[in-house]
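So the chains spell out like this:
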Amino acid sequence: MYAVIKTGGKQYRVAAGEKLKIEQIPQTIGEAVTFGEVLMVVGADSAGTAIGTPLVAGASVKATVVSEGRLDKVKIFKMRRRKHYQKRQGHRQYFSEVQITSIIGAGGVEIASFAAGATPAVAAAAQAPAKRSAKVFGKTKTGADDLEIIEGIGPKIAQLCNAAGIVTFADLAAAPVDKLKSILHDAGSKFAMHDPTTWPDQAALARDGKWDEFKTLTESLDGGKRN
């Protein structure tokens with residue numbers, strides 16, 4: 001038993017108890033969300049199966065937000081030959097991870113739920129990740145501050161910062177820019193080319209949990225630099 005829903009301009013096949021990452025939604029961790037754009041519902045028998053035209057009347061899928069974060073960085077390179085023009089840019093898409101709690105079929109009849117109607121295999125798969133520390137936005141799975149959400153900092157630079165005693169957002173926010181430049185310079189020319197000028201400002205917003213301001217700032221940056 002499953003359904004096909006549409007959210008964020010994409011379509012997803014979902015089953016009760018399943019977790020999936022979707023385009024970021026306004027709801028925060030722990031809040032419930034209802035997806036009303038259901039394109040198809042497949043039940044245990046033909047009576048519970050319905051194909052929308054384009055949506056299934058009365059159908060919906062309910063879920064709970066379990067985590068938020070950003071996907072891996074996508075690198076963008078633009079070049080115009082013979083014009084001496086090159087531009088490098090990166091983008092990390094925000095996402096919300098949801099767990100499907102119930103599927104409502106045509107006419108508002110529930111055909112599956114995570115608590116009672118999910119199959120044992122789906123329920124076991126859905127429960128297994130709960131034994132690990134949940135990863136939330138701004139945190140690693142161990143609960144430590146995730147410096148990699150800072151625009152301009154990748155895994156290698158995060159390791160350099162940790163080795164220099166900069167482990168938390170508070171550490172980074174308090175770090176002088178000259179110290180950050182020195183850390184990058186000592187690591188070699190590959191790292192010295194990075195500009196850490198905005199890193200303390202970003203870290204201060206992350207430290208204080210000002211995520212809306214953090215998002216606005218990071219989206220205005222190009223590799224950590226102000227456009």
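It should be emphasised that the depicted structure is a prediction, and the values quoted were computed from it without experimental measurement.

K.L.:
For the pairing of strand β4 (residues 32-35), give the residues involved together with the corresponding values.
P.N.:
Burial along β4 is one-sided: the residues Val33 and Phe35 are buried and none of Ala32 and Thr34 is. Alignment of β4 against strand β7 (residues 60-70), held across four bridges, turns out to be antiparallel. Following the sheet pairing, Phe35 is matched in β7 by Val61.

K.L.:
Give me the lowdown on the sheet that holds strand β6 (residues 50-51), citing residues and values where you can.
P.N.:
Taken together, four strands build an open sheet; the order of strands is β2-β1-β5-β6 and the sheet is antiparallel. What marks the edges here is a single partner per strand, and that holds for β2 (10-14) and β6. By the bridge criterion, two bridges tie strand β5 (residues 38-42) to β6 in an arrangement that is antiparallel. Looking across to β6, one finds that Met40 is bridged to Ile51.

K.L.:
Explain helix α2 (residues 155-163) to me, using residue names and the numbers behind them.
P.N.:
Where α2 is concerned, the buried positions are Ile157, Ala158 and Cys161. One side of α2 carries all its buried residues, which in axial view fall inside an arc of 105°. Opposite the packed face of α2, turned more than 90 degrees from it, sit the exposed residues Lys156, Gln159 and Ala163. On its buried face, α2 is in contact with α4 (177-186), α5 (189-192) and α6 (199-207). Following α2 by one or two positions, Gly165 has its phi on the positive side, about 90°.

K.L.:
I'd love a proper account of α6, names of residues and values included.
P.N.:
Extensive coverage of α6 is indicated by the burial of seven of its nine residues. Restricting attention to buried positions, one finds in α6 the residues Trp199, Pro200, Gln202, Ala203, Ala204, Leu205 and Ala206. Along its buried surface, α6 packs onto α2, α3 (169-174), α4, α7 (211-219) and β12 (221-222).

K.L.:
Which residues make up the side chain of Ser96, and what values go with them?
P.N.:
As for its position among the elements, Ser96 is in strand β10 (residues 94-104). Only 3.2 Å separates the side chain of Ser96 from the backbone nitrogen of Ile25, close enough to count as a polar contact.

K.L.:
Which residues make up the packing of α6 against α7, and what values go with them?
P.N.:
Where α6 contacts α7, the axes come no closer than 8 Å and their chain directions differ by 155°. Taken as axis vectors, α6 and α7 run roughly antiparallel relative to one another. The element α6 and its partner α7 pack so that their crossing is left-handed. Residue-level contacts link Asp201, Gln202, Leu205 and Ala206 of α6 to Trp211, Glu213, Phe214, Leu217 and Thr218 of α7. Looking at side-chain class alone, the contact of α6 with α7 contains five nonpolar, two polar and two charged residues.

K.L.:
Give a detailed account of the pattern of salt bridges, specifying residues and quantitative values.
P.N.:
Applying the stated criterion across every chain, the model contains five salt bridges. Put simply, Glu23 and Lys10 hold a salt bridge, and the shortest N to O gap is 2.7 Å. You can see Glu23 sitting in strand β3 (residues 19-23) and its partner Lys10 sitting in strand β2, a full 13 residues away along the chain. Several salt bridges share partner residues, and in doing so they unite Arg70, Lys73 and Glu151 into one network.

Basis of the calculations
Per-chain numbering applies: the sequence of each chain, read as written, is numbered from 1 onward. Where local features are concerned, this predicted model is filtered to residues with pLDDT of at least 70; where side-chain atom pairs are given and counted, the filter is 80 or more; whole-chain, interface and lining totals use all residues. In computing side-chain values, all of the structure's heavy atoms are included and hydrogens and water are not. Throughout, exposure labels follow a simple rule: accessible area from a 1.4 Å probe, protein chains only, divided by the maximum for the residue type, with under 20% read as buried, over 50% as exposed, and the rest as partly exposed. Segments assigned H or I by DSSP are reported as helices when at least four residues long, segments assigned E as strands when at least two residues long, and all are numbered from the N terminus. Note on pairing: two strands pair once DSSP finds at least 2 bridges between them. Of all possible arcs, the one meant is that of the directions from the helix axis to the C-beta atoms. Two residues form a contact once any of their heavy atoms are found within 4.5 Å. For the purposes of these results, a polar contact is taken to be a pair of N or O atoms within 3.5 Å, where, inside protein, one atom must be able to donate a hydrogen and its partner to accept one; residues adjacent in sequence count only when each atom of the pair is a side-chain atom. In this description, a line fitted to the C-alpha atoms serves as the axis of each element, helices being fitted only across the stretch in contact, and the angle between N-to-C directions of two axes falls anywhere from 0 to 180 degrees. Angle categories are assigned with fixed cut-offs, so that under 35 degrees is roughly parallel, over 145 is roughly antiparallel, 65 to 115 is roughly perpendicular, and the rest are oblique. For any helix crossing, the convention is left-handed if the near helix is rotated counterclockwise from the far helix by under a right angle, and right-handed if that rotation is clockwise. Under the scheme applied, nonpolar residues are Ala, Val, Leu, Ile, Met, Phe, Trp, Tyr, Cys and Pro; charged residues are Asp, Glu, Lys and Arg; polar residues are all the others, including Gly. We count a salt bridge whenever a side-chain nitrogen from Lys or Arg sits within 4 Å of a carboxyl oxygen from Asp or Glu.

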